[in-house]
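Okay, here's what each chain looks like letter by letter:
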Amino acid sequence: MNSQPIEVNARLYRWMERPVVVVCVDGCEPAYLDAAIDAGVAPYLKRMMQTGASLLADCVVPSFTNPNNLSIVTGAPPAVHGICGNYFFDRELGQEVMMNDPKYLRAGTLLAAFADAGAKVAVVTAKDKLRKLLGNDMKGICFSSEKSDQVTQEENGIENVLDLVGMAVPSVYSAELSEFVFAAGVKLMQTQRPDIMYLSTTDYVQHKAAPGSPAANAFYAMMDGYLAQLDEMGATIVLTADHGMNDKHDSQGKPNVIYLQDVLDEWYGAEAARVILPITDPYVVHHGALGSFATVYAPDDATAARWIQRIKELPGMELVLSRAEAALRFELPADRIGDIVVVSERNTVIGTSASRHDLSALEVPLRSHGGVSEQRVPLICNRPVAGIASNRRLRNFDAFDLALNHAQ
Ligand code: ZN
Ligand code: ZN
């Protein structure tokens, strides 16, 4: 076994003394944990927070799933790894492009680096869209709950996952899709004892259920049982989230939406501006592709500067930044965001045109994320951590640093 520290993206990570499990709970606003603990349904989480380390961290903005998952496994912001949403507008191609392909990754993951150095690595993610990015160039086990019936040794480093886990393939819109991740994590720890494991859930429940609600507490109670089992097997566990989650509706339950493409079309004529919502992905039923972050492409910088002043005055806006300002402030790759970055406030989301959003599938009042208002996330370890400067701004992508460098 290697005992030298491993350098990944200009950060050093110590070799693990015991298995390290980093859990990314999708959409885990800190209040979910507090409410579940207060309700008495998460006794292990309570113990973890009391006897280990209970910290808060800032996620990456846009507070979306892919940029943050990639930040956690690279230990770096999107300016380094390149993934700043699900979509961007490729000016050279003149079209909107999905950023799910590993070819858009600009940095290696620490999972791959540890695997190369001889560590046994396992990754389980709820949705398959993340699997290829997380497992890029990585030797080891990597599969999704969503496609758990299609795993092969060659592609996923494992076979017969359904037999191992003892669950059927869950629906992509279900709490079970995340439960499968935890159940698989426990079985993998029992049978393979990976040195490093990364578990990443989906926020289906969090989009629908507020902290303390019965469905939310049931989710955290489920999670609690699996985490307790991983702890019993001796793992160092760090739990964090890709982003928080907030209500995005008024007191009548109607979503608060700024249809920014419609607004800009009205101000400047159709086709002057192009609004891109990087939250858009193939699974939009639970949020209607509405989040609190958008980018706008303008014909030129002078026009962008004028538009910024006017967009700022729309009610419900939190921040309207130029490309350069946003790239600096949020550590984003400047070539993959628009000329303008627009962030709406806590209870407001941004859409393109009203006609392009199908909200008929929203069964409950809209909850979503994407903005600065969803930046606060838990960063919890089942062991005390040492050597963290009191003035350090912790990030969710410090999860592996915490587990490997400060908790052992
Ligand atoms: Zn997410
Ligand atoms: Zn979401």
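Quantities reported herein were computed from a predicted structural model and do not represent experimental measurements.

A. The sheet that holds strand 4 (residues 53–58), seen in detail. One open sheet holds the seven strands; their spatial order is 4-19-10-3-9-7-8, and the pairing between them is mixed. The sheet terminates laterally at strand 4 and strand 8 (141–144), the two strands that pair on one side only. Within the sheet, the average angular offset between the axes of one strand and its neighbour, ignoring direction, is 15°. In this structure, strand 10 (residues 236–240) lies alongside strand 19 (residues 376–381), joined through three bridges in antiparallel fashion. Looking at the pairing, Val 238 lines up with Cys 381 of strand 19. Taken strand by strand, helix 2 (residues 43–51) contacts strand 4, strand 10 and strand 19, and its axis lies near 100° from that of strand 10. Strands strand 3 (20–24), strand 9 (196–200) and strand 10 of the sheet are contacted by helix 11 (residues 214–232), whose axis makes an angle of about 150° with strand 10.

B. Spotlight on the coordination of the zinc ion (ligand 1). Protein ligation of the zinc ion (ligand 1) involves Asp 26 (OD), Thr 65 (OG1), Asp 242 (OD) and His 243 (NE2), the donor distances falling in the range 1.9 to 2.1 Å. Taken together, the four donor atoms surrounding the zinc ion (ligand 1) define angles of 91 to 136° at the centre, an arrangement classified as irregular. Mapped onto the sequence, the donors of the zinc ion (ligand 1) take the spacing D-x38-T-x176-D-H. Separating the zinc ion (ligand 1) from the zinc ion (ligand 2) is a distance of 4.3 Å. Residue Thr 65 is located in helix 3 (residues 65–74), and its partner Asp 242 is located in the loop between strand 10 and strand 11 (246–247); the two are separated by 177 residues in the primary sequence.

C. Quick peek at the packing of aromatic side chains. The final tally for this structure, using the stated rule, is eleven aromatic pairs. Judged by centre distance (5.4 Å) and plane angle (20°), the rings of Tyr 32 and Tyr 220 are stacked. Taken together, the residues Tyr 32 in helix 1 (residues 30–38) and Tyr 220 in helix 11 connect sequence positions 188 residues apart. Given the relative accessible area of 0%, Tyr 32 is considered buried. Accessibility expressed as a relative area gives 0% for Tyr 220, which makes it buried.

D. Layout of the packing of helix 12 (residues 260–268) against helix 13 (residues 301–312). One can describe the packing of helix 12 onto helix 13 by two numbers: an axis separation of 12 Å at closest approach and a directional angle of 120°. When the axes of helix 12 and helix 13 are compared, the pair comes out oblique. Here the hand of the crossing between helix 12 and helix 13 comes out right-handed. Contacts between helix 12 and helix 13 involve Leu 260, Leu 264, Trp 267 and Tyr 268 from the first element and Trp 307, Arg 310 and Ile 311 from the second. When the residues that make up the contact of helix 12 with helix 13 are grouped by side-chain class, the tally is six nonpolar, no polar and one charged.

E. Layout of the coordination of the zinc ion (ligand 2). Taken together, Asp 203 (OD), His 207 (NE2) and His 369 (NE2) make up the full set of protein donors to the zinc ion (ligand 2), lying 2.0 to 2.2 Å away. Positions of the donor residues of the zinc ion (ligand 2), expressed as sequence spacing, correspond to D-x3-H-x161-H.

F. Representation of the pairing of strand 5 (residues 87–90) in the model. Looking at chain direction, strand 5 and strand 6 (residues 95–98) are connected through four bridges and run antiparallel. Bridge assignment links Phe 89 to a residue of strand 6, and that residue is Glu 96. As consecutive antiparallel partners, strand 5 and strand 6 are separated by four residues, and within that stretch Gly 94 has a phi angle of approximately 70°, a positive value.

G. Fine view of the domain arrangement of the chain. Partitioning the chain into domains gives domain 1 (6–245 + 370–406) and domain 2 (257–368). Here the C-alpha centroids of domain 1 and domain 2 sit 27 Å apart. Each partner contributes to the interface: domain 1 provides 42 residues, whereas domain 2 provides 36 residues. Roughly 3,500 Å² is buried in total at the junction of domain 1 and domain 2, and carbon and sulfur atoms are behind 56% of that figure. For the pair domain 1 and domain 2, the number of links is five salt bridges. With its nearest N and O atoms 3.8 Å apart, the salt bridge here joins Glu 96 to Arg 274.

H. Layout of the side chain of Asn 66. Along the chain, Asn 66 turns up in helix 3. A polar atom in the side chain of Asn 66 sits 3.1 Å from the side chain of Asn 86. Reaching out from Asn 66, the side chain makes a polar contact with the side chain of Asn 100 at a distance of 3.3 Å. When near neighbours in sequence (up to four residues on either side) are disregarded, Asn 66 contacts Ile 83, Gly 85, Asn 86, Asn 100, Lys 129, Leu 130 and Leu 133.

What counts, and at which threshold
- Residues numbered from 1 in each chain as written.
- Chains lettered and ligands numbered in written order.
- Predicted model: local features only at pLDDT ≥ 70, side-chain atom pairs only at ≥ 80, totals over all residues.
- Heavy atoms only, no water.
- Pairing = 2+ DSSP bridges.
- Helix = DSSP H or I, 4+ residues; strand = E, 2+ residues; numbered from the N terminus.
- Axes fitted to C-alpha atoms, helices over the stretch in contact; angles between N-to-C directions.
- Contact = heavy atoms within 4.5 Å.
- Donors = N, O, S within 2.8 Å, 3.2 Å for Na, K, Ca; no water.
- Tetrahedral: all angles 85-135°; square planar, octahedral: opposite > 155°, others 65-115°.
- Phe/Tyr/Trp six-rings, centres within 6.5 Å; stacked < 30°, edge-to-face > 60°.
- Buried < 20%, exposed > 50% of the residue type's maximum accessible area, 1.4 Å probe, protein only.
- Parallel < 35°, antiparallel > 145°, perpendicular 65-115°, else oblique.
- Left-handed = near helix turned anticlockwise from the far one by under 90°.
- Nonpolar A, V, L, I, M, F, W, Y, C, P; charged D, E, K, R; others polar.
- Domains from an automatic or database assignment.
- Buried area = accessible area lost by both parts, 1.4 Å probe.
- Salt bridge = Lys/Arg side-chain N within 4 Å of Asp/Glu carboxyl O.
- Polar contact = N/O pair within 3.5 Å; in protein donor to acceptor, adjacent residues only side chain to side chain.

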